[in-house]
Amino acid sequence: MPKQVTNVASDDALTTIYRITNDENEEAKAARISERLGIRAASVSGMLARLKRDRLILIDKKKNVTLTKTGLIRATQMVRRHRIAECLL
């Protein structure tokens, strides 16, 4: 898979986690992330494993997904870009 496609998928996952945890004050779990992104749970599990490997997320014993400081910065940047684009449209 090309690196650009991987980054887009990672950014989508980070943005989804950000919106679930910060905008909605809910727990981000793999099933909820899968539902929001409209992709299979197995694909989300693989994505979460890569994000964890890259130290962008943490997964606790209850399977709650939280953003690390680096993940939060990246997700915040993406959300800002999306909101600016929405305002321009």
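About the criteria used
Residues numbered from 1 in each chain as written. Predicted model: local features only at pLDDT ≥ 70, side-chain atom pairs only at ≥ 80, totals over all residues. Heavy atoms only, no water. Helix = DSSP H or I, 4+ residues; strand = E, 2+ residues; numbered from the N terminus. Rg over C-alpha atoms; globule rule 2.2 N^0.38 Å. Core = buried A, V, L, I, M, F, W, Y, C linked by side-chain atoms within 4.5 Å. Buried < 20%, exposed > 50% of the residue type's maximum accessible area, 1.4 Å probe, protein only. Contact = heavy atoms within 4.5 Å. Expected span 1.5 Å × (residues − 1). Axes fitted to C-alpha atoms, helices over the stretch in contact; angles between N-to-C directions. Parallel < 35°, antiparallel > 145°, perpendicular 65-115°, else oblique. Left-handed = near helix turned anticlockwise from the far one by under 90°. Salt bridge = Lys/Arg side-chain N within 4 Å of Asp/Glu carboxyl O.

Asks: Help me out: how do you make sense of the overall build of the protein chain in this one?
Replies: In terms of helices and strands, the protein chain carries four helices and two strands. Traced from its N-terminal end to its C-terminal end, the protein chain shows the element sequence α-α-α-β-β-α. On C-alpha atoms alone, the protein chain measures out to a radius of gyration of 13 Å, which is about the 12 Å that the 2.2 N^0.38 rule sets for 89 residues. Referenced to the eigenvectors of the C-alpha coordinate spread, the extents of the protein chain come out at roughly 40 × 35 × 25 Å.

Asks: Just checking my understanding: could you explain the nonpolar core for this structure?
Replies: It is characteristic of soluble globular proteins that their nonpolar side chains tend to be buried jointly. By size, the foremost hydrophobic cluster in this structure holds 17 residues, and its most contacted members are Ile17, Ile33, Leu48, Leu51 and Ile57. Mapped onto this core, the elements with two or more residues apiece are α1 (3–23), α3 (41–53), β2 (65–67) and α4 (69–88). Top contributing element to this core by residue count: α1, with five residues. Excluding anything up to four places from it in sequence, Ile57 contacts Leu14, Ile17, Leu48, Leu51, Lys52, Val65, Thr66, Leu67 and Thr68.

Asks: What should I look at first to understand α4 in this one?
Replies: Residues lying three or four places apart along an α-helix face the same way, a consequence of the helix completing one turn every 3.6 residues. Under the 1.5 Å per step criterion, the end-to-end length of α4 is 29 Å for 20 residues, consistent within 8% with the ideal 28 Å. Taken together, the buried positions of α4 are Gly71, Ala75, Thr76, Met78 and Val79.

Asks: What is the right way to look at the packing of helix α2 (residues 30–37) against α3 in this model?
Replies: Packed helix pairs are characterised by how far apart their axes lie and by the angle those axes make with each other. At a minimum axis distance of 9 Å, the contact between α2 and α3 shows a crossing angle of 115°. It follows from the interaxial angle that α2 and α3 lie roughly perpendicular. Pair α2 / α3 crosses with right-handed handedness. Listed contacts from α3 to Ala30, Ile33 and Ser34 of α2 are Ala41, Val44 and Leu48.

Asks: Teacher, can you tell me more about the side chain of Thr68 here?
Replies: Take Thr68: it is sitting in the loop between β2 and α4. In this structure Thr68 comes out as buried when scored by relative accessible area, which is 15%. Apart from the residues lying within four places of it in its own chain, the contact partners of Thr68 are Arg55, Leu56, Ile57 and Leu58.

Asks: I would appreciate a short explanation of the pattern of salt bridges in the present structure.
Replies: Should the charged atoms of two oppositely charged side chains come close, the side chains can pair. All chains considered together, the criterion is met by four salt bridges. When the shortest N-O distance is used, the salt bridge between Glu24 and Arg36 registers 2.8 Å. Of the two residues, Glu24 sits in the loop between α1 and α2 while Arg36 sits in helix α2, which places them twelve residues apart along the sequence. Residue classification places Arg36 among the partly exposed residues on the basis of a relative accessible area of 41%. Taking the shortest distance from any N to any O, the salt bridge between Asp54 and Arg53 comes out at 3.1 Å. Judged by relative accessible area, which is 43%, Asp54 ranks as partly exposed. Accessibility expressed as a relative area gives 58% for Arg53, which makes it exposed.

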